[in-house]
Amino acid sequence: MITLTILSPGGTLCSAQVEKVSFPGAKGLFTVYPEHAPLLSSLLPGTIEWTAADGSTGSVAVRAGCVRVHDDNVEACVEVLNGGGGKA
C-alpha cells in the first residue's frame, strides 16, 4: 500500500492509503504502484488520479506542482485548477 499526501497552499487535498496513483509528469503520464523506485518529478497541468485501498477512486485537477516518491510514501505539492479540491 502507498501513503499518498497531496498538499496545496489551501491545505491538504488528500491523505490516504492507495493502491496506485497517476500523475501528469513533465515527461508524460506515469503511475506509481507499491515498491516503486524513488523519484522526483515536476507536474504539468492535468489530473492526479488514485485508487484507494477500499477500491474507491479520487482525483484532483492541477495546474502545476511536484511529486516525490520514496519508500511507498508519495507526497505531492500542487497548485489546483480553479481552486478545486480533491476527493479522498
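Residues numbered from 1 in each chain as written. Predicted model: local features only at pLDDT ≥ 70, side-chain atom pairs only at ≥ 80, totals over all residues. Heavy atoms only, no water.

A. Structural detail: the overall build of the chain. Scanning the chain from terminus to terminus reveals 0 helices and 7 strands. Rg of the C-alpha trace for the chain: 11 Å, near the compact-globule value of 12 Å for 88 residues, within the 12% margin. Seen through its C-alpha atoms, the chain measures out along the principal axes to roughly 30 × 30 × 20 Å. Split into buried and exposed, the 88 residues of the chain put 34% on the buried side. Residue pairs at least 24 apart in sequence account for 48% of intrachain contacts in the chain once pairs closer than 6 positions are excluded. (Helix = DSSP H or I, 4+ residues; strand = E, 2+ residues; numbered from the N terminus. Rg over C-alpha atoms; globule rule 2.2 N^0.38 Å. Buried < 20%, exposed > 50% of the residue type's maximum accessible area, 1.4 Å probe, protein only. Contact = heavy atoms within 4.5 Å.)

B. Representation of the state of the cysteines in the model. Applying the stated criterion across every chain yields a total of 0 disulfides. With no disulfide of its own, C14 lies closest to C77 among cysteine sulfurs, the gap being 13 Å. Taking relative accessible area as the criterion, C14 reaches 1% and is therefore assigned buried. Residue C66 stays outside any disulfide, its sulfur separated by 4.9 Å from that of C77, the closest cysteine. (Disulfide = S-S within 2.5 Å.)

C. Spotlight on unusual backbone geometry. Despite not being glycine, E35 has its phi angle at roughly 65°, a positive value. Locating E35 in the fold gives a position in the loop between β3 (28–32) and β4 (39–43). Using a relative accessible area of 72% as the deciding quantity, one classes E35 as exposed. The phi dihedral of D72 is positive, around 60°, even though this residue is not glycine.

D. Summary view of the side chain of S8. With respect to the secondary-structure elements, S8 resides in strand β1 (residues 2–8). In this view, S8 contacts L13, V78 and V80; residues no more than four positions away in its chain are not counted.

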